[in-house]
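Examining the three-dimensional arrangement
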Amino acid sequence: VDGVIWLKGILIYVWTDFKSRSAWKKTGTAARIAQDLKFMFEPSSFLDLQEQEEQRRTFWSIYVLDGLTTCGRARPPAFHGHYCKTNLPCTDMSFQLGLYEETANLDRALSRVDVASSRTTHSPFARVILIVTILSRASQYLMQDINFRTERPPWDSDSDYAAIASSIFNFEYQVGIHQPFQEVFGLNGDFSSEFGGQGSEHIVFYYALYHLTQCILNHPFLLRRRLQPYSSRVPQVFIIRALNTCREHAQSLTLLLEDAHRLGCRLRSSFLGYCSLVAGTINSLHQYDIDFDIRLKSKEALNKNIAFLTRHAQYWNNAKLMVGIILLL
């Protein structure tokens, strides 16, 4: 119990004083404490169900922060999924009522064999954890030049790029990510139902991270660095498909944040500013496309990114810097 309290204190500090270098250090400290307390494994069965779930959620909160910090240069993760054996979080309702709910661990949830049987069974928080795991792999591969297997060109079916793309596809199938955002809540314009509060924020977050992962995996500048060793051997169809995928998901991410704001959802996570910044830089790039429709949609999306970050700057100082960066593009 004392370990949970200590780690919660670090988490509160990181979220309320989110300076990238300081936050990375504090997250690393929390990760080491969690490892020392063996929070990566299932809690003791002698604890009551709510205490067990609180310990799981404390661990997975640190895991999520650790995964998000890898979206930058020289930011290796403290956790590797294969070492995380504790089960994923249950639904908020089961947690609040102290009810037992069977959940999978990370390896099983990400297993291709188990995908079909686990569709739609993960809680919103568990879905955040799954997509953060995939996002971290994508950012390590593209931003930090990490190879998880023998290096092969991205268009090769045995490459890291293909493996990450496959993981994204499995995630899409598991959670039904292509279902319209509004239908996920079953609402007509407000967040006052059972999906309100933290649950609704988790839903917005995993949708946003899904689009962000696609943007990073197919980002024209990041992917270009990975393709440099292959020069003229790169298939043109691969490049075109990657550029189109990146642009489409940048616009989808932009519209997601606008829809969530219009529906009245709280969008206080500082990382949503990063999501909007990445989408905004991609939209800015395509505002000069030779296709008139693409130019128009990209310019409109860019304006929405600026509007979101301007609102976000009311809560986070780093969003003010992001607005300034986008305005210079």
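Above this text is the structure in question.
Calculation notes
Residues numbered from 1 in each chain as written. Predicted model: local features only at pLDDT ≥ 70, side-chain atom pairs only at ≥ 80, totals over all residues. Heavy atoms only, no water. Salt bridge = Lys/Arg side-chain N within 4 Å of Asp/Glu carboxyl O. Buried < 20%, exposed > 50% of the residue type's maximum accessible area, 1.4 Å probe, protein only. Helix = DSSP H or I, 4+ residues; strand = E, 2+ residues; numbered from the N terminus. Lys, Arg positive; Asp, Glu negative; His and termini not counted. Polar contact = N/O pair within 3.5 Å; in protein donor to acceptor, adjacent residues only side chain to side chain. Contact = heavy atoms within 4.5 Å. Phe/Tyr/Trp six-rings, centres within 6.5 Å; stacked < 30°, edge-to-face > 60°.

Here we take up the pattern of salt bridges. If you walk through the whole model with that rule in mind, you get 11 salt bridges. The residue Asp 156 makes a salt bridge to Arg 152 at a minimum N-O spacing of 3.8 Å. We classify Arg 152 as partly exposed; its relative accessible area is 38%. Shared partners join several salt bridges into a network, and the residues in it are Glu 42, Glu 53, Arg 56, Arg 57 and Asp 92.

Moving on to the side chain of Asp 66. Position of Asp 66 among the secondary structure elements: in helix H3 (residues 49-68). The side chain of Asp 66 sits in the buried core without any salt bridge; Arg 32 is the nearest counter-charge, 8.7 Å away. Engagement of the side chain of Asp 66 in a polar contact is seen with the backbone nitrogen of Ala 78, the distance being 3.0 Å. With residues near it in sequence (within four places) discarded, Asp 66 still touches Thr 27, Pro 77, Ala 78 and Phe 79.

Turning our eyes to something else, we now look at the packing of aromatic side chains. Per the stated rule, a full pass over the model turns up 13 aromatic pairs. Both rings, one in Trp 60 and one in Tyr 63, keep their centres 5.0 Å apart while their planes meet at 80°; by these two values the pair is edge-to-face. With Trp 60 and Tyr 63 both in helix H3 and 3 residues apart, the pair spans about one turn of that helix. Judged by relative accessible area, which is 6%, Tyr 63 ranks as buried. Ring geometry for Phe 171 against Tyr 206: centres 6.4 Å apart, planes inclined by 85°, an arrangement best described as edge-to-face. Separated by 35 residues along the polypeptide, Phe 171 in helix H7 (residues 160-175) and Tyr 206 in helix H9 (residues 198-217) bring together distant segments of the chain. Per residue, the accessibility class of Phe 171 equals that of Tyr 206, and both read buried.

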